[in-house]
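# Coordinate inspection notes
Single-letter residue listing:
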Amino acid sequence: MRVLITGGAGFIGSHLAERLLDQGDEVFIVDNLWTGRLANIAGIQAHERLHLVVDTILNESVMNELVFKADHIYHLAAAVGVRNIMDHPVETLDINVKGTEVVLRLANRFKKKVFIASTSEIYGKHVEHDLSEDDNRVMGTVKKRRWAYACSKTLDEFLALAYFDEKKLPVVIGRLFNTVGPRQTGQYGMVLPNFVQSALLGKPITVYGDGTQTRSFTHVNDVTGAITRLMMEPAAEGEVFNIGNDHEVTINELAERVRELSASDSEIEYVSYEKAYGPGFEDMERRCPNIDKLRQCIGFEPSSDLESIIKSVINYFKE
Ligand code: UDP
């Protein structure tokens, strides 16, 4: 099969490219290298079935050709990282809204099946319970820049479902929860690579807020496995799935575990959100997926627990 991965030089995209090459697919990557890096695909760049186009997904003539050639499209290109999103609000909205519009319109032109990478951010400020696909979304004020990202990805989901309902375009939507693993950089704010790098360097591990906020972390290999299986499952078409691990941990616990597993004597330092991200920031207090739908559809079970996830990131940075 010929597949197109938008954002294929990114952290998740590059792991997905490896998996699809291993499966025997011919893989086309389009990436503008905004947050994607050539280093991410260095291990596969000489592969005879890998093709790279360095360009923006907003370039419609390039995208027309790539979508035409592909059997399946994995749309992962987007603005990523809370710090990046806070620093680049215009680019965030531009790429997340217009980029997905281009991908879906061209996919529909040639009737090519599309996976849309969405995000747990779209649930917003829920605190009550594990998040299920049909839950309401709780968005903050438009004055808080973070929610622009959530709203742009929500629009992507609406558009994908509209194409499915109205144009019969086969689409699958995956809401990715905090995905971690080797090759993820801390540069755009992500917590685990930042904690591990600080711990290994003996620098303070900086916890934002009071550290009681929770997240649930999934190894990137579990995520790419779920994505590829969903794309092969006809029952997944026109559906939205949480993709994540339902083990919830506070950021304080995460900091402690990182310190312990890397045998570090780094201090844990508390930093206000305002200092970390500037004014206009609002965090999510709790974020844990309900993954029953994913379990039922493809028999998904996360294979990595928090300890093995942290160890894999420690080993990556040690290398
Ligand atoms: N965080 C932190 N220290 C850091 C980076 C992040 O305490 O160096 C916190 C952040 O405020 C959030 C959690 O860790 O509560 C997860 O942050 P990340 O940016 O990785 O993902 P997201 O907020 O999108 O879940």
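Here goes a summary of the coordinates provided. Given the structure is predicted, the values throughout are model-derived calculations rather than measurements. (Residues numbered from 1 in each chain as written. Predicted model: local features only at pLDDT ≥ 70, side-chain atom pairs only at ≥ 80, totals over all residues. Heavy atoms only, no water.)

The environment of the ligand is made up of 19 residues, and the closest members are Val191, Tyr208, Arg215, Asp283 and Arg287. Measuring from an oxygen atom of the ligand, one finds a side-chain N or O atom of Asn178 at 2.8 Å. At a separation of 2.5 Å, an oxygen atom of the ligand approaches a polar side-chain atom of Arg215. Its free accessible area being 520 Å², the ligand has 95% of it covered by the protein chains. When residues of the shell around the ligand are traced back to their parent elements, those giving at least two are α6 (191-201), β8 (205-208) and α9 (273-277). (Near = heavy atom within 4 Å. Polar contact = N/O pair within 3.5 Å; in protein donor to acceptor, adjacent residues only side chain to side chain. Areas by Shrake-Rupley, 256 points an atom, 1.4 Å probe, with all protein chains shown as cover. Helix = DSSP H or I, 4+ residues; strand = E, 2+ residues; numbered from the N terminus.)

Here Ser262 is to be found in the loop between α8 (251-261) and β13 (268-271). Residues Ser262 and Lys318, spaced 56 residues apart in sequence, show a C-alpha to C-alpha distance of 9.9 Å. Apart from the residues within four sequence positions on either side, Ser262 is in contact with Ala199, Leu200 and Ile314. (Contact = heavy atoms within 4.5 Å.)

Examined against the element boundaries, His72 turns out to sit in strand β4 (residues 72-75). Beyond its immediate chain neighbours, meaning those up to four positions away, His72 contacts Met1, Arg2, Val3, Leu4, Lys113, Met231 and Met232.

We now examine helix α1 (residues 11-22). With twelve residues, α1 extends 17 Å from end C-alpha to end C-alpha; this agrees with the ideal 16 Å at 1.5 Å per step. Counted residue by residue, α1 has nine buried out of twelve residues, so it is predominantly covered. (Expected span 1.5 Å × (residues − 1). Buried < 20%, exposed > 50% of the residue type's maximum accessible area, 1.4 Å probe, protein only.)

With that out of the way, let us pick up the packing of aromatic side chains. This structure, assessed with the given rule, holds seven aromatic pairs. Ring geometry for Tyr273 against Phe281: centres 5.5 Å apart, planes inclined by 40 degrees, an arrangement best described as tilted. Residue Phe281 is classed as buried on the basis of its relative accessible area of 11%. Seen from the ring of Trp147, Arg146 lies directly overhead, with NZ or CZ sitting 5.9 Å from the centre. Taking the ring centre of Phe241 as reference, the NZ or CZ of Lys293 above it sits at 5.0 Å. (Phe/Tyr/Trp six-rings, centres within 6.5 Å; stacked < 30°, edge-to-face > 60°. Lys NZ or Arg CZ within 6 Å of the ring centre and 35° of its normal.)

Those residues of helix α2 (residues 60-69) that fall on the buried side of the exposure criterion are Met63, Leu66 and Val67. Looking straight down α2, one finds that the buried residues subtend no more than 95 degrees of arc, so they occupy a single side. Exposed and facing more than 90 degrees away from the buried side of α2 are Ser61 and Phe68. Check the buried side of α2 and you find it contacts β1 (2-6), β2 (26-31), β3 (50-54), β4 and α4 (89-110). (Arc of directions from axis to C-beta.)

Our focus in this paragraph is the packing of α8 against helix α11 (residues 306-318). Following both chains from N to C, one finds α8 and α11 inclined at 60 degrees, their axes separated by 10 Å at the closest point. When the axes of α8 and α11 are compared, the pair comes out oblique. Where α8 crosses over α11, the two elements pack in a sense that is right-handed. Here Leu254, Arg257, Val258 and Leu261 of α8 lie close against α11, whose contacting residues are Leu306, Glu307, Ile310, Lys311 and Ile314. (Axes fitted to C-alpha atoms, helices over the stretch in contact; angles between N-to-C directions. Parallel < 35°, antiparallel > 145°, perpendicular 65-115°, else oblique. Left-handed = near helix turned anticlockwise from the far one by under 90°.)

Between side chains of opposite charge, a pair can form when the charged atoms approach closely. One pass over the full model with this rule turns up 25 salt bridges. Among the salt bridges present, the one from Arg146 reaches Asp283, with a minimum N-O distance of 3.0 Å. Of the two residues, Arg146 sits in helix α5 (residues 146-167) while Asp283 sits in the loop between α9 and α10 (292-298), which places them 137 residues apart along the sequence. For Arg146, a relative accessible area of 3% gives the class buried. Judged by its relative accessible area of 18%, Asp283 falls in the buried class. With a shortest N-O distance of 3.6 Å, Arg295 and Asp292 are connected by a salt bridge. Of this pair, Arg295 and Asp292 both sit in helix α10, three residues apart, roughly one helical turn. Asp292 sits in the partly exposed class, given a relative accessible area of 38%. Several salt bridges converge on common partners, so that one network encompasses Glu121, Arg146, Arg215, Asp283 and Arg287. (Salt bridge = Lys/Arg side-chain N within 4 Å of Asp/Glu carboxyl O.)

Another aspect to go through is the environment of Lys143. Tracing the sequence through the fold places Lys143 in the loop between β5 (113-119) and α5. Between the C-alpha atom of Lys143 and that of Phe281, which follows or precedes it by 138 residues, the distance is 9.0 Å.

An order of β3-β2-β1-β4-β5-β6-β11 is seen for the seven strands of this open sheet, with the pairing classed as parallel. Only two strands of the sheet have a single neighbouring strand rather than two, namely β3 and β11 (239-243). Shown here is a sheet whose adjacent strand axes are inclined to one another by a mean of 20 degrees, direction ignored. In the sheet, β1 pairs with β4 via four bridges, with the strands oriented parallel. Paired with Thr6 across the two strands is His75, which belongs to β4. (Pairing = 2+ DSSP bridges.)

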